[in-house]
Amino acid sequence: MSSQPAENCELTQDERDLLFYESRIVRPVKMKVPEFKRNEHLRHVIFSRQFSVDTLEYLAETADKVRMLSKQRSGQDFLINLLHHKRAMLYFTQPSTRTFLSFMSACQILGITCNEVRDPSTSSETKGETRFDSIRMFSSYFDLIIMRSKLAKLAESCAYLMNDLEVSGNRSVPIINAGSGADEHPTQSLLDIYTLQRTFQFTEAGSSPMASRLHELRQLHPELTTGLAGKTYGFCGDIGRGRTVRSLASLLAKYEGVKLIFIAPDDPTLALRDDLRHRLQDRGIAISEVEHFDEIVDGVPVIEQLDALYMTRIQKEHDSPAEAEKFAQIDLSRYKLTRGLVDRMKVYAPILHPFPRDQHFGEIPPEIDNDPRAMYFRQARNGMWIRAALLASVFGVDHQISRFFEQQYSEWHHYNEDDVWAPSLPKGPLRP
Ligand code: CP
């Protein structure tokens, strides 16, 4: 690890280790991306901008194959033997339900053995061991480290640690960022994109994938096309502290002609942060920032023009006492979805949420759950399939999945309820 600069002598070794990587962390993303690949394959997964649109399409196709193979015993047997010689460490020192369990399930689908450290008080970090020593130890026993931390740049720093170990001829394993402070949650954005990809195929629920509902929807929305490009995406709630919003907005910016509308209080903590705003503007993305769903953008109330809505919870656990006092003066009820608002949304527009939702705040009340546009439970399940696809790609068994799928299932057209691609249209006449 780094030598100790004299001026840093008051810092802990953990802090000095993070500083050691600072000069690499501040570089532009395009300089870093090649370092997270090996032979054009993903090795470390640190931020969402690593994924090209082609990679997103490819991972979605692989996820679809894993999903369909998993429905048959022969497919399950094939998948579970792909990586049974691999071991993964799930190092989650911030709470998690979905990311932890869907990664564990994805590992199990592919036969990867999992172990976990979730509570650092049970690890030797309580005896003074640094996080970086912990990570290096994990790399001695495991073939992959999937990590969540409240420290924004820890996963990225660990990827550089692994690269340095590789260069010096030591054991080195891939790092997957499963959520890093308020910074990034790249695999959440993968499942968000996967959910949008499936939804915007507009394939009829429960039937052949060839039967499209697009012609029906185009009677109301003649401009409607398949795919993610050219659509308007709304993000509502705690935009400033939402790492899932940062990762997803950065990915959506890769699609042609998208428009992003951020619906958040006009407060520096909760509103869109400057770095993300500038990143999106630099890519020429049309963005709007509004304080409520009824604001008019391009002549239309926001809620009525969205092709997809991404709700988030207000992350009160990060409030300082001063912020809590300030936020008490803001009308946060504007950032809750109501039946009346959903009724005004486009008939096909999916409602997403990374979850957990906050039962006390109620940004999505349970009465919305039965609306065909409510995609958040399906979205969470999609996380298991896309994470399995990602792991298959990192370990280079994705082509084996494709070959097996083509051999076994190319003629398979049976899709059960789990394969519904798009929200069913609400009953009754379609309304504009
Ligand atoms: N969406 C998400 O990251 O959920 P968890 O915090 O439960 O993993």
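Calculation notes
Residues numbered from 1 in each chain as written. Predicted model: local features only at pLDDT ≥ 70, side-chain atom pairs only at ≥ 80, totals over all residues. Heavy atoms only, no water. Pairing = 2+ DSSP bridges. Helix = DSSP H or I, 4+ residues; strand = E, 2+ residues; numbered from the N terminus. Right-handed = clockwise from strand over helix to strand, strands pointing away. Core = buried A, V, L, I, M, F, W, Y, C linked by side-chain atoms within 4.5 Å. Buried < 20%, exposed > 50% of the residue type's maximum accessible area, 1.4 Å probe, protein only. Domains from an automatic or database assignment. Contact = heavy atoms within 4.5 Å. Axes fitted to C-alpha atoms, helices over the stretch in contact; angles between N-to-C directions. Salt bridge = Lys/Arg side-chain N within 4 Å of Asp/Glu carboxyl O. Arc of directions from axis to C-beta. Near = heavy atom within 4 Å. Polar contact = N/O pair within 3.5 Å; in protein donor to acceptor, adjacent residues only side chain to side chain. Areas by Shrake-Rupley, 256 points an atom, 1.4 Å probe, with all protein chains shown as cover. Nonpolar A, V, L, I, M, F, W, Y, C, P; charged D, E, K, R; others polar. Buried area = accessible area lost by both parts, 1.4 Å probe.

**Focus: the pairing of strand S4 (residues 113–117)**
Note that strand S3 (residues 87–92) and S4 share 5 bridges and pair parallel. Paired with methionine 89 across the two strands is asparagine 115, which belongs to S4. You can see the chain leave S3, run along helix H6 (residues 98–109) and come back into S4, and the turn it takes is right-handed.

**A few points about the nonpolar core**
Residues Leu110, Tyr233, Phe235, Leu260 and Phe262 are the most contacted members of the largest nonpolar core, which totals 80 residues. Viewed by domain, this core spans two of them, domain 1 (3–180) and domain 2 (210–371), each represented by three or more residues. When sequence neighbours within four positions are dropped, the list of residues in contact with tyrosine 233 reads Leu196, Phe200, Leu228, Leu252, Val258, Lys259, Leu260, Ile261, Leu306 and Ala308. One finds Met311, Tyr335, Met345 and Ala374 within the second-largest nonpolar core, a separate group that totals 28 residues.

**So, the sheet that holds strand S12 (residues 308–311)**
Sheet strands pair by backbone hydrogen bonding; their relative direction is either parallel or antiparallel. Overall, parallel pairing links the 5 strands, which are arranged S9-S8-S7-S12-S13 in an open sheet. Only two strands of the sheet have a single neighbouring strand rather than two, namely strand S9 (286–290) and strand S13 (351–352). Strand direction decides the pairing type here: strand S7 (residues 232–236) and S12, joined by 4 bridges, are parallel. Within the sheet, the bridge partner assigned to glycine 234 lies in S12 and is leucine 309. In the packing of helix H11 (residues 243–252) onto the sheet, contacts are made with S7, strand S8 (259–263) and S12, and the angle to S7 comes to roughly 170°.

**As for the pattern of salt bridges**
Evaluated as defined, the whole model comprises 27 salt bridges. When the shortest N-O distance is used, the salt bridge between glutamate 35 and arginine 27 registers 2.6 Å. Residue class for arginine 27 comes out buried when judged on its relative accessible area of 18%. Arginine 313 is paired through a salt bridge with glutamate 317; the nearest N and O atoms lie 2.9 Å apart. Note on glutamate 317: relative accessible area 49%, which makes it partly exposed. If you follow the salt bridges from partner to partner, you end up with Arg339, Asp343, Asp371 and Arg373 in one network.

**Looking at helix H12 (residues 274–282)**
Turning to H12, its buried residues are Leu276, Arg277, Arg279 and Leu280. Around the axis of H12, the buried residues are gathered within 165° of arc, so they sit on the same side. Buried residues along H12 sit against H11, S8 and S9.

**Focus on the site of the ligand**
In the vicinity of the ligand, the contacting residues are Ser96, Thr97, Arg98, Thr99, Arg148, His185, Gln188, Pro354 and Phe355. One of the side-chain N or O atoms of histidine 185 is found 2.9 Å from an oxygen atom in the ligand. Considered on its own, the ligand offers 260 Å² of accessible surface; in the complex 92% of this is hidden by protein. Across the shell around the ligand, the residue classes tally to 2 nonpolar, 5 polar and 2 charged.

**Observations regarding the side chain of serine 149**
On the secondary structure map, serine 149 appears in strand S5 (residues 144–149). Those residues within four positions of serine 149 in sequence are excluded, and the remaining contacts are Thr93, Gln94, Leu154, Gly179, Ser180, Gly181 and Arg243.

**A look at the domain arrangement of the protein chain**
Many structure descriptions define interface size as the accessible area lost when the parts assemble. According to the domain assignment, the protein chain consists of domain 1 (3–180) and domain 2 (210–371). Measuring from the centre of the C-alpha atoms in domain 1 to the corresponding centre in domain 2 gives 29 Å. Opposite the 13 residues of domain 1 that make contact, domain 2 presents 10 residues. Of the roughly 980 Å² buried between domain 1 and domain 2, counting both surfaces, carbon and sulfur atoms make up 53%. The largest contributions to the domain 1 side of the interface with domain 2 come from Ser48, Arg49 and Arg98, which together make up 51% of the buried area. Run the count over domain 1 and domain 2 and you get 0 salt bridges. Linking domain 1 with domain 2 are 4 residue pairs in polar contact (both at pLDDT 80 or more). Of all the elements in the fold, those that place two or more residues in the side of domain 1 that touches domain 2 are helix H4 (53–69), S5 and strand S6 (175–180). With 3 residues, H4 is the single largest residue contributor to the side of domain 1 that touches domain 2.

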